[in-house]
Amino acid sequence: MITEDGPDAGRLAPLPRSGLTVGRNGAAWRLADPFLSAPHFRLDMEPDGVRITDLAPSPRPTAHCYSWWHGDRPHRAGSSVFRLARGRPHPLTPVGELPGLVVDPGSEPARPNPLMQAIMAAGPLVIGVVMAVVTGLWYFLLFSLVSVAVVAVMWSQHRAAARRHGRRIRDGAQRIRDQLDALAPTPGRLSWAARSDAADRFGVGGGAPSAPDGPLVRWGAGTARLPLASAKDGGSWDRWATVELPATSVLRPDHATLVTGQPSTLRALAYWLQVQLCRDAVATGRGVLVATPDGESRWGDADGGTSGTVLCWPGAAAPPLPDGWHRVILNEAGPPGGRAGAPEVTTVAQDRLDPDQGVARLGDLEFTAFRYHGMSASTADWLLDELGAAARPPRQTGAAVLVLPDPLMTGAAVDSLRVELTSGQEAVAIDLVSHGPHVLVAGTTGSGKSELLLTLLTGLAAAHPATEVSFVLMDFKGGSSFAALAELPHTMSVETNLAQAESLRTFDALSAELRRREELFLAAGAPDFRSYRRAHPEADLPRLVVAVDELRVLMDDHPQAAALLARLAATGRSLGFHLVLATQRAQGAVGPDVRSNLGTVICLRTATEQESWDLLGTAEAFTIPADAPGRAYLKHGGQPARPFRAGQFSAVTGPPTLAPWTRGPTAAVPAPWPELVGLIRGEAETRGLPVPQQAVTPALPGSWTPAPAERSAVPGAVVVGLGDLPRQRAQVPVRWRPGLDAPAAWIGTAAGGVDEAARNVLTQLAQLVDHGPGPDAASTSGGTTVVLDGAGVLCPAGTPAWPAHWSVLTAEQASAEALAGIVDRLRTELARPSPARLVVTHWGRWATQRVGTGYETLEEHLTHLLRDHGPGLLAVAVFGGRELAGGRVLGQIPIRFYLPAGTTPEHRMVWPTLHRVKEVPGRAVMVSPEHPAPGIAVQLSEPPSAGTPRP
């Protein structure tokens, strides 16, 4: 929204979705307009447009008045005019010659003679009356009325011609108004053009060859009567020629303009006038001298130029100037001459303005209902800076140098967690305890956001040991941000969006750590982290910093993470959790629950002005140059934003060297992050600093082979894989004990590792010995072992032969009679009773096979066997794919391992809702009575080699 007109014109403000209040005071957007209330109105974005709610006090206590604003017309409030701006800003056109202010509508319509019209109408009428009286024939009156009708037609034709002529006058006046408006922009249009990315946004490039002989300025707007090229009929056309015009004038050489008003009015108008004179000076090179009671400012060719403008503020004495200069004298209302020291006001002023009285005389035009354009000092300073007239502070060529503390990792994080982002005596620092507990870092691409995050985290690690602060890093920019910090002893986990399943396990681990700390503090009677650590200084409980780079991607990929972040934000201060969230755009990514608990906001360069307003309450972050990465604004709570530029850690280059001072300071060499991480890690290893227990355990390995001790830890058990229990902060072997545990099924494809899983189970079963009956062990060598090897697991060359007492039936040997013999043998052994084991690979090749001469299939027989005999007698392991997942026999198998790698969505349609895991061969999700769906992640173990000794 733009303030187009008024005493505080030229102001820009984004219209956020949360709404915007406007007023003189007590509003989000405050304007120096004495006719506005505090606040005056509120704007809200709605589907039907912008809703305007009137907040001004009313003499009648009625409900708020609402209206709709679609931006097709300006909105007036107080003495200000507002306009909605959409799309890309347009640059201004160069200033040209002032158009002629005389309207030429053509020749006036001829005015009929009134006496002749009266004679033409009255003569026949009198004659007709006389004839009617004399002859007694009243129809003579009809002939007399014809003349009256002729006169009426002539009169109406003249009125129509006069109206056409008046419309031509008005159209000509409107054209002049439009030309003036295009030549002399309003403050709002000038401010909007300053946001343009055009090369010549102010219309000053290449000079102005067609410019007038003096600066063309716009004072405001008012009602004036334009002269006509030919007006024979006095003031009969004044109402057509009187229109609202931009009050413009050319500050011609050797002329003067006198402006009289109150001090506040003169200041506002003077700031706007300075901006226009600066634009003219940049375009034409004409000089400008601004004389104030405090001194003088000179622009353009003000020192040696033969033409220019001097602007005399109230109380300032104008210096002597050569001929050819125009004087604009600002005179306070009151006695002539104003305050002491003001220039003498004489009658030489050709143009006079009295804004407070609403009148102005500019050239031959007299303006009434005059409204002046005013501007605040801050808006004028910004526009002057954009035009290039204001002095710019020297831009830093490089970031400040940061050095690692000496000694490293000696700080305590019980009461403070401080890190410096710049160097020097007034270094910008963040304390996550007093300024936190959470930090938001926002900035567009290329603003230095990732470098700032690395600086912050590296500074924390260098100042504190891992037992005081540890990191959980979630990199949703593909792993490019936090990969360098993975080797720090403080880093518990680095998760990326390339393996989204690993991020889910991190959420589970953080949720479990939250509950663990709550229970720990409750049991100890400690209200918060600080109290607990003071009472238990030896406790293995560091502050946990959860850093997320690109929060929006996290929210898009894992919507369920919003609840966890909200809980972390709400309880972080008391439980020792700190969020460091980074995003390009905070709107839509940072929820209200998280935002209400943010203690610090670091805002680098933003892509839009509205984002800067949303984060800082100002537009400063939008004005950061694109070629200055690392420049940012830091805001703690309700304090004003503080500008800074993030420093860089300097490389360690050995002992200092001496150099002559005339060479200037030596530029710091930024250290590569691996070098800094190596220094911190090496120092921790040299001093033997302890590492805290991992709140987030490392991800499952891509492959896992159990050690002999792990295989023999539980007699009679098959080590299936390594299970991931992030909530318990553990990874434990998963075992299947034939004769004690329920039947198990492995569901997947050969590409996912289901055949390797079958080979692993069969190999371990072949190596098991009989431990005898007992409550904790099963007989694995006695009884019957039947293998239906549909996948050829036991047949490839080089694999060890199966034990002689096993009954093995391959797919090539399968027949109804062979299957009947296998089933009868199992039934006979189970009837004794004697333990039996059945292993089936590639279930799809066996499920529909008929058994014997009947019509029952193997699936029906196996379903009956599992229903009638418990796991103490019948141990079953089945390996298959889609047929097993959708078969009836699966209802009798409570332990299941689902291998998603190599499957399709159609395959997984009959699967339960499972925990997401990384889809690599051998990675499975186990669902069992102890771990119901969504189950736990398991990395299946590699088959033992042929030479593995038996336990």
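Below is a short write-up of the structure. Position numbers for residues count from 1 along each chain, tracking the sequence in the order it is written. Local features in this predicted model are restricted to residues whose pLDDT is 70 or higher, and side-chain atom pairs enter the listing and the counts only when it is 80 or higher, whereas totals over whole chains, interfaces and linings include all residues. Side-chain measures here rest on the full set of heavy atoms in the structure, leaving out hydrogens and waters.

Some details on the overall build of the protein
Then, in step 1: Put simply, DSSP H or I for four residues or longer makes a helix, DSSP E for two residues or longer makes a strand, and each gets a number counted from the N terminus. A tally of helices and strands in the protein yields 19 helices and 40 strands.
Then, in step 2: Residues classed as buried in the protein amount to 50% of the 951 residues present.
Then, in step 3: Residues count as neighbours in contact if any of their non-hydrogen atoms are within 4.5 Å of one another. In the protein, the share of contacts with a sequence separation of at least 24, taken over all contacts with a separation of at least 6, comes to 67%. Only protein chains enter the accessibility calculation, which uses a 1.4 Å probe. A residue is then buried if its area is under 20% of the maximum for its type, exposed if over 50%, and partly exposed in between.

Here's the deal with the sheet that holds strand 38 (residues 895–898)
Within a sheet, adjacent strands bond to each other through the backbone by hydrogen bonds, running parallel or antiparallel.
Then, in step 1: Read across the open sheet, the 10 strands follow the order 32-31-40-39-38-33-37-36-34-35; overall the sheet is mixed. A strand with exactly one partner marks an edge of an open sheet, and here the two such strands are strand 32 (730–736) and strand 35 (806–810). Pairwise comparison of adjacent strand axes, ignoring direction, gives a mean angle of 20° for this sheet. Strand pairing is assigned whenever DSSP identifies at least 2 bridges connecting the two strands. The angle between two axes is taken between their N-to-C directions and runs from 0 to 180 degrees, where each axis is a line fitted to C-alpha atoms and a helix contributes only its stretch in contact.

With respect to the packing of aromatic side chains
Then, in step 1: Put simply, two rings from Phe, Tyr or Trp (the six-membered ring, in Trp's case) pair if the centres are within 6.5 Å, and we call them stacked under 30 degrees between planes, edge-to-face over 60, tilted for the rest. Per the stated rule, a full pass over the model turns up eight aromatic pairs.
Then, in step 2: Seen from their ring centres, Trp29 and Phe82 are 6.3 Å apart, and the 55° between their planes marks the pair as tilted. Of this pair, Trp29 sits in strand 3 (residues 29–30) while Phe82 is found in strand 8 (residues 80–83), placing the two residues 53 residues apart along the sequence. With respect to burial, Trp29 and Phe82 carry one shared label: buried.
Then, in step 3: The interplanar angle of 85° and the centroid separation of 6.3 Å between the aromatic rings of Trp736 and Trp746 together place this pair among those described as edge-to-face. Taken together, the residues Trp736 in strand 32 and Trp746 in strand 33 (residues 744–747) connect sequence positions 10 residues apart. Judged on exposure class, the residue Trp736 and its partner Trp746 are both buried.
Then, in step 4: Ring-pair connections join several aromatic residues into one group, and the members of that group are Trp736, Trp746, Phe879 and Phe897.

Observations concerning the pattern of salt bridges
Then, in step 1: Within this document, salt bridges are pairs made up of a side-chain nitrogen of Lys or Arg and a carboxyl oxygen of Asp or Glu, the two lying within 4 Å of each other. This structure, assessed with the given rule, holds 35 salt bridges.
Then, in step 2: The partner of Glu685 in a salt bridge is Arg681, with the nearest N and O atoms 3.2 Å apart. With Glu685 and Arg681 both in helix 14 (residues 673–687), this residue pair falls four residues apart, about one helical turn.
Then, in step 3: With a relative accessible area of 53%, Glu685 lands in the exposed category.
Then, in step 4: By relative accessible area, Arg681 is classed as partly exposed at 33%.
Then, in step 5: Taken together, the shared-partner salt bridges in this structure form one network comprising Arg42, Asp44, Glu46 and Arg51.

Regarding a positive patch on the surface
Then, in step 1: On the surface, Arg159, Arg163, Arg164, Arg167, Arg168, Arg170 and Arg239 cluster together to form a positively charged patch.
Then, in step 2: Broken down by element, the residue count for the positive patch peaks at six residues, all from helix 2 (residues 140–183).
Then, in step 3: Tracing the backbone shows Arg168 in helix 2.
Then, in step 4: With a relative accessible area of 37%, Arg168 lands in the partly exposed category. Only residues whose relative accessible area exceeds 30% and that form no salt bridge enter a patch; like-charged residues are grouped when within 9 Å of one another, and nonpolar side chains (Val, Leu, Ile, Met, Phe, Trp, Tyr) when within 5 Å. Accessibility throughout is a Shrake-Rupley quantity obtained with a 1.4 Å probe, and a residue counts as covered only by protein chains that appear here. The charge count treats Lys and Arg as positive and Asp and Glu as negative. His and the chain ends do not count. A charged residue contributes its charge at one atom only: NZ of Lys, CZ of Arg, CG of Asp or CD of Glu.

Examining the sheet that holds strand 2 (residues 20–23)
Then, in step 1: Sheet architecture is open: five strands sit in the order 3-2-4-5-6, paired in mixed fashion. At either margin of the open sheet sits one strand with a lone partner, and together these are strand 3 and strand 6 (66–69).
Then, in step 2: By the bridge criterion, two bridges tie strand 2 to strand 3 in an arrangement that is parallel. From the neighbouring strand, Val22 faces strand 3, where its bridge partner is Trp29.

Considerations on helix 11 (residues 561–575)
Then, in step 1: Note that bend, as reported per residue, equals the angle between axes fitted to the 7 residues terminating at that residue and the 7 residues originating from it. At Ala569, helix 11 shows its maximal kink, close to 40°.
Then, in step 2: Burial in helix 11 covers these residues: Ala561, Leu564, Leu565, Ala566, Leu568, Ala569, Thr571, Gly572 and Leu575.
Then, in step 3: Looking one or two residues beyond helix 11, the residue adopting positive phi is Gly576, at roughly 85°.

Some words on the pairing of strand 35
Then, in step 1: In terms of burial, strand 35 is largely enclosed, as five of its five residues are buried.
Then, in step 2: Bridge analysis of strand 34 (residues 784–789) against strand 35 gives five bridges, and the strand direction is parallel. Across the sheet, the residue bridging to Leu788 is Leu809, located in strand 35.

Here's the deal with a nonpolar patch on the surface
Then, in step 1: The grouping of Leu125, Val129 and Val133 at the surface amounts to a nonpolar patch, some 240 Å² of accessible area in total.
Then, in step 2: Examined against the element boundaries, Val129 turns out to sit in helix 1 (residues 114–135).
Then, in step 3: On the basis of relative accessibility, which here comes to 39%, the residue Val129 falls in the partly exposed class.

As for unusual backbone geometry
Then, in step 1: Cis geometry marks the peptide bond from Ala38 to Pro39; its omega dihedral reads -10°.
Then, in step 2: By the secondary structure assignment, Pro39 is in the loop between strand 3 and strand 4 (41–46).
Then, in step 3: Here Asp406 and Pro407 are connected by a cis peptide whose omega angle stands at 5°.
Then, in step 4: Positionally, Pro407 belongs in the loop between strand 19 (401–402) and strand 20 (418–420).
Then, in step 5: A positive phi angle is found at Met409, which is not glycine, with a value near 50°.
Then, in step 6: Within the secondary structure, Met409 sits in the loop between strand 19 and strand 20.

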